[in-house]
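Summary of the model geometry
Listed here are the chains, written in short residue letters.
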Amino acid sequence: MIGVPYGANPGTCPVRAQTAWLQHRGTSPGACRINRGDRLTTPLAGITGAAVNDIVQAACLTAGLPAGYSGHSLRAGFVTVEFEAAWHAAQLVEVTA
């Protein structure tokens, strides 16, 4: 297990975000989902690829990164890192398909 420290900025703190999600979720199972309004949603509400793209682009703009990043950048980066970490192709297909 790896401990995650509280972030200096409450608005971007991963510990506070996870705590808020667990309180919102209650006893229902499900992943943390955020809608276009940056609000936590129920597990069944889902999030679209377009919403992920909007969130990634807004975060990159806020961080001062150059234009050109997209939601696909997350997936491509994940696949690259895991491939370099010696994941088998079948594992990558299972996770990303």
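Values in this document were obtained by computation on a predicted structure and should not be read as measured data.

1. As for helix α2 (residues 49–63)
The terminal C-alpha atoms of α2, which comprises 15 residues, lie 21 Å apart, in line with the 21 Å expected from a rise of 1.5 Å per residue. Of all the positions in α2, only Ala51, Val56 and Cys60 are classed as buried. The buried residues of α2 occupy one face: seen down the axis, they fall within an arc of 165°. Of the residues in α2, the exposed ones pointing more than 90 degrees away from the buried face are Leu61 and Thr62. Against the buried residues of α2 lie α3 (71–84). Downstream of α2 by one or two residues, Gly64 has phi in the positive range, about 80°.

Conventions used here
- Residues numbered from 1 in each chain as written.
- Predicted model: local features only at pLDDT ≥ 70, side-chain atom pairs only at ≥ 80, totals over all residues.
- Heavy atoms only, no water.
- Helix = DSSP H or I, 4+ residues; strand = E, 2+ residues; numbered from the N terminus.
- Expected span 1.5 Å × (residues − 1).
- Buried < 20%, exposed > 50% of the residue type's maximum accessible area, 1.4 Å probe, protein only.
- Arc of directions from axis to C-beta.
- Contact = heavy atoms within 4.5 Å.

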